Amino acid sequence: MPSLLGIDNGLTVTKAVIFDADGTQLAVARRRVPQSMPHARWVERDMAGLWQATADAIKEAIALCGRTADDIKAVAATAHGDGLYLLDKDRRPLGPGILSLDSRAGEIIERWSADMVFDEALARTGQAPHVSAPSALLAWLKQNDPDRYGRIGHVLACKDWLRFCLTGTIGTDRTEASTSFTDFRTQAYAPEAMQVFGLGDLFDALPLAAHSADIVGHVAADAAEMTGLRQGTPVACGLHDVTASALGMGGHEEGVLSIVAGTYSINEVVSSQPRVDQRWFCRNAIDAGRWNNMAISPASTANYDWFLDTFCRSEQDRTNADGGSIHELLAAEIDAALKKPSTILFHPYLFGSPHGDVASGSFVGLHGWHNRGDMLKAVLEGIVFNHRTHVEALREGFAVREIRLTGGGSRNPAFVQMFADVLNAPVTVTSTDEAAALGAALCAGAAVGIFATPQQGARQVGMTARKYQPVPASSAVFSERFSLYCRIAEQLKSLWPEIERLARPDTRGTA
């Protein structure tokens, strides 16, 4: 049976996953990709280092799968969306890649929200700009680093950089093209969209967009040497990881609301007609004439990871040394906390929020008798509450018959049950551990004729599912807590700017 390689690059880890054509996972290899934070609100990484880590992961996955590279019939990549990966006019990396956790453009977003750019962007592109959107980051470079801005030759997304490294070809796909500069009605780039942001001079630097399942190149000789792939292996265009995750769990279909509980809070539903609302992004789906409506914020399991890194470091070091799992070690603490009432509420806004960049995270209702497990439970609850904020918006705009969940948190039954209870709706989890990588592999398979379409491939592969039903009593408790969580956030809105000013240098002078 032929195999397919899906590359999935997240914000901290790059993965290479090899699948049989029936969806069976044969091998997975991971590499951490270091982030750099040279200034407050900057989150970057070395582009060459990212490619090297990805190449190493590919080589290891091939070694682990027990087959030769000749069995891999096609490759496709997916990666975090938004952010910015620039090449100069000689097609060389132009500085570090900027991740979608970056918020240096916060002041630009504040200015745009006050001078009608938001309204113009929403009316033209189907989405309001946010701090890590390519539009905001390019505007920041134009204002603060005009030399680098003036040397821009190609504006890429993360997965487009990996495609370039594999094939030497430059381009993107329809889903990634729609992050900032497409007209939502035509689903194509529009010069007028660039002009909204004062970026009309960069229109020719935008990469041409192909279908996610188009063959856009073949593995080049240098890439074959680095990765162990066979030179000439077809490479499909790939897609934005949000869309890839939905596809990989069978959720890139109308009527299915797909939730990805990862670094970002991702919530999305496909529609056959565009519907614009400031609460979600109206972006391109895989196929023309379909839209992927995404309500997102960088406010999901990154908060849990932060808690572990900050307050559970010794346990992490111990479990890493002995091959154990920090999540299993903490499970008893969390389970005990779930069984008792608590006053603690947590707003998971450490890296961003649905309320904009000015919001900050907070524990409310914390007392001296609370322990680490109580705080961990509050963190998980806050994450799910943030997803509910987005899900409620999408349910108002679109008919939803099913909710599906993926992401690291979906492997924890207690966490999935919390989703069902908080949303007061059945939640389905599929057996696919690497949904985004599988979504990329499905595009690769469609590119070489193994599947008629990526969506048909998702229906064909072996994918079992478990459905979690809400418990009425628990849903009632969570509903009351969610209401208070929302009211507290509303009260904090007027205070967040004052809180942020506390960190600015005192410029008042002395008498």
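Residues numbered from 1 in each chain as written. Predicted model: local features only at pLDDT ≥ 70, side-chain atom pairs only at ≥ 80, totals over all residues. Heavy atoms only, no water.

### Details of a nonpolar patch on the surface
Next, step 1: Among the surface-exposed residues, Leu495, Ile499 and Leu502 lie close enough to one another that they form a single nonpolar patch of about 300 Å² accessible area.
Next, step 2: In this structure, Leu495 sits in the loop between helix H18 (472-492) and helix H19 (496-501).
Next, step 3: Here Leu495 falls in the partly exposed class, since its relative accessible area comes to 40%. (Patch = residues over 30% accessible without salt bridge, like charges linked within 9 Å, V, L, I, M, F, W, Y side chains within 5 Å. Areas by Shrake-Rupley, 256 points an atom, 1.4 Å probe, with all protein chains shown as cover. Salt bridge = Lys/Arg side-chain N within 4 Å of Asp/Glu carboxyl O. Helix = DSSP H or I, 4+ residues; strand = E, 2+ residues; numbered from the N terminus. Buried < 20%, exposed > 50% of the residue type's maximum accessible area, 1.4 Å probe, protein only.)

### Examining the side chain of Asp88
Next, step 1: Position of Asp88 relative to the elements: it lies in strand S6 (residues 85-88).
Next, step 2: When neighbours within four sequence positions are excluded, Asp88 is seen to be in contact with Leu94, Arg151, Gly153 and His154. (Contact = heavy atoms within 4.5 Å.)

### A closer look at the sheet that holds strand S23 (residues 427-430)
Next, step 1: Pairing in this open sheet of 7 strands is mixed, and the strands run S18-S19-S17-S16-S22-S23-S24 from one edge to the other. The two strands at the open ends of the sheet, each matched to only one other strand, are strand S18 (281-284) and strand S24 (465-468). Each strand of the sheet is rotated relative to its neighbour by a mean of 30 degrees, with strand direction disregarded.
Next, step 2: Both strand S22 (residues 402-406) and S23 contribute to a ladder of 2 bridges, which runs parallel. The residue bridging Leu405 from the neighbouring strand is Val429, located in S23.
Next, step 3: Each of strand S16 (256-261), S22, S23 and S24 is contacted by helix H15 (residues 413-423), which is oriented at about 150 degrees to S23, the strand it contacts most. (Pairing = 2+ DSSP bridges. Axes fitted to C-alpha atoms, helices over the stretch in contact; angles between N-to-C directions.)

### Side note on the UniProt feature "domain: Carbohydrate kinase FGGY C-terminal" (unreviewed entry) in the protein chain
Next, step 1: Under the present numbering, the feature "domain: Carbohydrate kinase FGGY C-terminal" (unreviewed entry) in UniProt falls on residues 257-447.
Next, step 2: Taken as a whole, residues 257-447 contains 43% helix and 20% strand, while its terminal C-alpha atoms sit 26 Å from one another. (UniProt positions renumbered as here; feature names shortened; annotations may be inferred.)

### Focus: the pattern of salt bridges
Next, step 1: The final tally for this structure, using the stated rule, is 33 salt bridges.
Next, step 2: Put simply, Arg279 and Glu396 hold a salt bridge, and the shortest N to O gap is 2.9 Å. Residue Arg279 is found in the loop between strand S17 (265-271) and S18, and its partner Glu396 is found in helix H14 (residues 372-397); the two are separated by 117 residues along the sequence.
Next, step 3: With relative accessibility at 37%, the residue Arg279 sits in the partly exposed group.
Next, step 4: In this structure Glu396 comes out as exposed when scored by relative accessible area, which is 56%.
Next, step 5: Where Glu315 meets Arg372, a salt bridge forms, and the shortest distance between an N and an O atom there is 2.8 Å. Placement of Glu315 in helix H12 (residues 313-322) and of Arg372 in helix H14 is noted, with a sequence separation of 57 residues between them.

### Comments concerning the packing of aromatic side chains
Next, step 1: Going through the model one piece at a time under the given rule, you end up with 15 aromatic pairs.
Next, step 2: Ring geometry for Phe385 versus Phe478: centroids 6.3 Å apart, planes at 85 degrees, classification edge-to-face. You can see Phe385 sitting in helix H14 and its partner Phe478 sitting in helix H18, a full 93 residues away along the chain. With respect to burial, Phe385 and Phe478 carry one shared label: buried.
Next, step 3: Where Phe482 meets Tyr485, the ring centres are 5.9 Å apart and the plane angle is 20 degrees; that geometry is what we call stacked. With a gap of 3 residues between them, Phe482 and Tyr485 both fall in helix H18, about one helical turn apart. (Phe/Tyr/Trp six-rings, centres within 6.5 Å; stacked < 30°, edge-to-face > 60°.)

### Topic: the side chain of Asp173
Next, step 1: Positionally, Asp173 belongs in strand S9 (residues 172-173).
Next, step 2: At 2.9 Å, the side chain of Asp173 and the side chain of Lys159 are in polar contact.
Next, step 3: A distance of 2.5 Å separates polar atoms of two side chains, one belonging to Asp173 and the other to Thr175. (Polar contact = N/O pair within 3.5 Å; in protein donor to acceptor, adjacent residues only side chain to side chain.)

### Focus on the pairing of S23
Next, step 1: On S23, burial covers both faces: Val427 and Val429 on one face and Thr428 and Thr430 on the other are all buried.
Next, step 2: Running through H15, the crossover from S22 to the neighbouring parallel element S23 is right-handed. (Right-handed = clockwise from strand over helix to strand, strands pointing away.)

### Description of the UniProt feature "domain: Carbohydrate kinase FGGY N-terminal" (unreviewed entry) in the protein chain
Next, step 1: Those residues carrying the UniProt feature "domain: Carbohydrate kinase FGGY N-terminal" (unreviewed entry) are residues 4-248 in this numbering.
Next, step 2: The straight-line gap between the two end C-alpha atoms of residues 4-248 is 13 Å; of that span, 36% is helix and 24% is strand.

### Observations regarding the pairing of S6
Next, step 1: A two-sided burial pattern is seen for S6, the buried positions comprising Tyr85 and Leu87 on one face and Leu86 and Asp88 on the other.
Next, step 2: Relative to strand S8 (residues 152-156), S6 runs antiparallel, the two being bridged by 4 bridges. Among the inter-strand pairings, Leu87 is bridged to a residue of S8, identified as His154.

### Structural notes on the nonpolar core
Next, step 1: Within the largest apolar cluster, 51 residues are counted, with the highest numbers of intra-cluster contacts made by Ile259, Leu405, Phe419 and Val427.
Next, step 2: At 11 residues, H14 tops the list of elements feeding residues into this core.
Next, step 3: Membership of the second largest hydrophobic core comes to 48 residues, among which are Ala57, Ala69, Val242 and Ile266. (Core = buried A, V, L, I, M, F, W, Y, C linked by side-chain atoms within 4.5 Å.)

### Quick notes on the packing of helix H1 (residues 47-65) against helix H6 (residues 158-167)
Next, step 1: Relative orientation of the contacting elements H1 and H6 amounts to 65 degrees, with a least axis distance of 10 Å. The angle between H1 and H6 places the two elements in the roughly perpendicular class. Every pair of crossing elements has a handedness; the one defined by H1 and H6 is right-handed. Note on element contacts: H6 touches H1 through Cys158, Trp161, Leu162, Cys165 and Leu166, opposite Met47, Ala48, Leu50, Trp51 and Thr54.
Next, step 2: Broken down by class, the residue content of the contact of H1 with H6 amounts to 9 nonpolar, 1 polar and no charged. (Parallel < 35°, antiparallel > 145°, perpendicular 65-115°, else oblique. Left-handed = near helix turned anticlockwise from the far one by under 90°. Nonpolar A, V, L, I, M, F, W, Y, C, P; charged D, E, K, R; others polar.)

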